[in-house]
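Residues per chain are reported as follows:
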Amino acid sequence: MTYPVPATQVETLYEIKKSKFIACAGFANSRESAMALLDSVKQQYPDARHHCWAYVFGNPNSPTSAAMADDGEPSGTAGKPILNVLQHKDIGDIMVIVTRYFGGIKLGAGGLVRAYSAAAQQAIDALEVREEVKLETVLVNLDFKHEQFVRHLVEEAQGNIASCDYTNSVDMQVALPLAAIDGFKKQMAPIAYSISHTDD
């Protein structure tokens, strides 16, 4: 199952009534990676009043985890609007942080909700995405003469070779998209000494 994820990290600026909302959107697929992104933004803007955020991990249609934080803004006016934007986008493994510099004019609860939503939306509109493909591991043991052929097949299937050990033969650990595994096994059957798949 593939789904779009952030290919890059972007930063956009949204200004309203002298308040500045700096939105940063990027790839995060665990709480640790999301918090690391938050820390880097806090270091970049140490004097900002608020760093509000939301994330969605996994496939956007059935996320494994989602969370948000208002970071001192009135409850429900910052994290929730950011998360709402994320939940209406078909992008997974994403963290959005909106840093606010207060401009001296109060926006009110409704104004804050609209501003945080607009800032998050602007960042996502600027974001490039790529397809995240879940890879499965296949172990193959074969003769040296077949190594290049296997490398070629893996490259064609948009997989990668995780490891390669040389003894009397070659032990290759290859990671392949699920859709490519059956075809790969069929091509390996006549030439491999052994082949095993973690889900077998």
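Residues numbered from 1 in each chain as written. Predicted model: local features only at pLDDT ≥ 70, side-chain atom pairs only at ≥ 80, totals over all residues. Heavy atoms only, no water.

Of regular secondary structure, the protein possesses five helices and 11 strands. Relative to its length of 200 residues, the protein is extended, with a C-alpha radius of gyration of 23 Å against a globular reference of 16 Å. Structurally, the protein occupies a C-alpha span of about 75 × 30 × 25 Å along its principal axes. Residues counted as buried form 44% of the 200 residues belonging to the protein. When contacts within the protein are restricted to residue pairs at least 6 apart in sequence, long-range pairs at least 24 apart make up 68% of them. As displayed, the protein has an accessible area near 10500 Å², and 50% of this comes from carbon and sulfur atoms. Side chains of the protein carry 17 positive and 24 negative charges; the gap between the two charge centres is 13 Å. (Helix = DSSP H or I, 4+ residues; strand = E, 2+ residues; numbered from the N terminus. Rg over C-alpha atoms; globule rule 2.2 N^0.38 Å. Buried < 20%, exposed > 50% of the residue type's maximum accessible area, 1.4 Å probe, protein only. Contact = heavy atoms within 4.5 Å. Areas by Shrake-Rupley, 256 points an atom, 1.4 Å probe, with all protein chains shown as cover. Lys, Arg positive; Asp, Glu negative; His and termini not counted. Charge placed at Lys NZ, Arg CZ, Asp CG, Glu CD.)

Attention shifts here to the nonpolar core. If you look at the biggest cluster of nonpolar residues, it comprises 25 residues, and the most contacted ones within it are Phe21, Ile82, Ile94, Val96, Val98 and Tyr116. Looking at this core, the elements with two or more residues in it are strand 3 (19-27), strand 4 (50-57), helix 2 (79-87), strand 6 (94-101) and helix 3 (108-126). In terms of residue count, the dominant contributor to this core is helix 3 (seven residues). The residues touching Ile82, leaving out its near neighbours within four places in the chain, are Cys52, Trp53, Ala54, Val96, Val98, Tyr116 and Ala120. Listed in part, the 16 residues of the second largest apolar core include Ile22, Ala34, Val41 and Trp53. (Core = buried A, V, L, I, M, F, W, Y, C linked by side-chain atoms within 4.5 Å.)

Our next topic: the sheet that holds strand 3. Here we have five strands laid out as an open sheet, ordered 2-3-6-4-5, and antiparallel in their pairing. Here the strands that pair on one side only, and so sit at the sheet edges, are strand 2 (10-16) and strand 5 (65-69). For this sheet, the mean inter-axis angle between neighbouring strands, taken without regard to orientation, is 15 degrees. Taken together, the eight bridges between strand 3 and strand 6 define a ladder with antiparallel strand orientation. (Pairing = 2+ DSSP bridges. Axes fitted to C-alpha atoms, helices over the stretch in contact; angles between N-to-C directions.)

A word on the packing of aromatic side chains. Where two aromatic rings form a pair, the distance of their centres and the angle of their planes describe that pair. Taken as a whole and assessed by the stated rule, the structure comprises six aromatic pairs. Ring geometry for Trp53 against Tyr55: centres 5.6 Å apart, planes inclined by 10 degrees, an arrangement best described as stacked. Note on Phe144 and Tyr166: the rings are 6.2 Å apart at their centroids and 15 degrees apart in plane angle, and the pair reads as stacked. With Phe144 in the loop between strand 8 (135-142) and helix 4 (147-156) and Tyr166 in strand 9 (residues 160-166), this pair connects stretches of sequence that are 22 residues apart. A relative accessible area of 40% means that Phe144 is categorised as partly exposed. An aromatic cluster is present here, built from Tyr14, Phe21 and Tyr116 joined pairwise through their rings. Residue placement shows Arg130 over the ring face of Phe27; its charged tip is 5.4 Å from the ring centre. (Phe/Tyr/Trp six-rings, centres within 6.5 Å; stacked < 30°, edge-to-face > 60°. Lys NZ or Arg CZ within 6 Å of the ring centre and 35° of its normal.)

If you check which residues of helix 4 are buried, you get Glu147, Val150, Leu153 and Val154. Projected down its long axis, helix 4 shows its buried positions confined to an angular sector of 125 degrees, all on one face. Seen from the open side of helix 4, the exposed residues pointing more than 90 degrees away from its buried face are Gln148, Glu155 and Glu156. Where the residues of helix 4 are buried, they touch strand 8, strand 9, strand 10 (170-177) and helix 5 (178-188). After helix 4 finishes, the residue Gln158 shows a positive phi value of roughly 60 degrees. (Arc of directions from axis to C-beta.)

Bringing the layout of surface pockets into the picture now. Taken as a whole, the largest pocket holds about 150 Å³ of empty space. With three residues, the single largest contributor to the lining of the largest pocket is helix 3. Looking at side-chain class alone, the lining of the largest pocket contains five nonpolar, two polar and four charged residues. (1 Å grid on protein atoms, 1.4 Å probe; cavity = no way out; pocket = protein on both sides within 12 Å on 5 of 7 lines; lining within 4 Å. Points joined across faces, edges and corners; volume = space filled by probe spheres on them. Nonpolar A, V, L, I, M, F, W, Y, C, P; charged D, E, K, R; others polar.)

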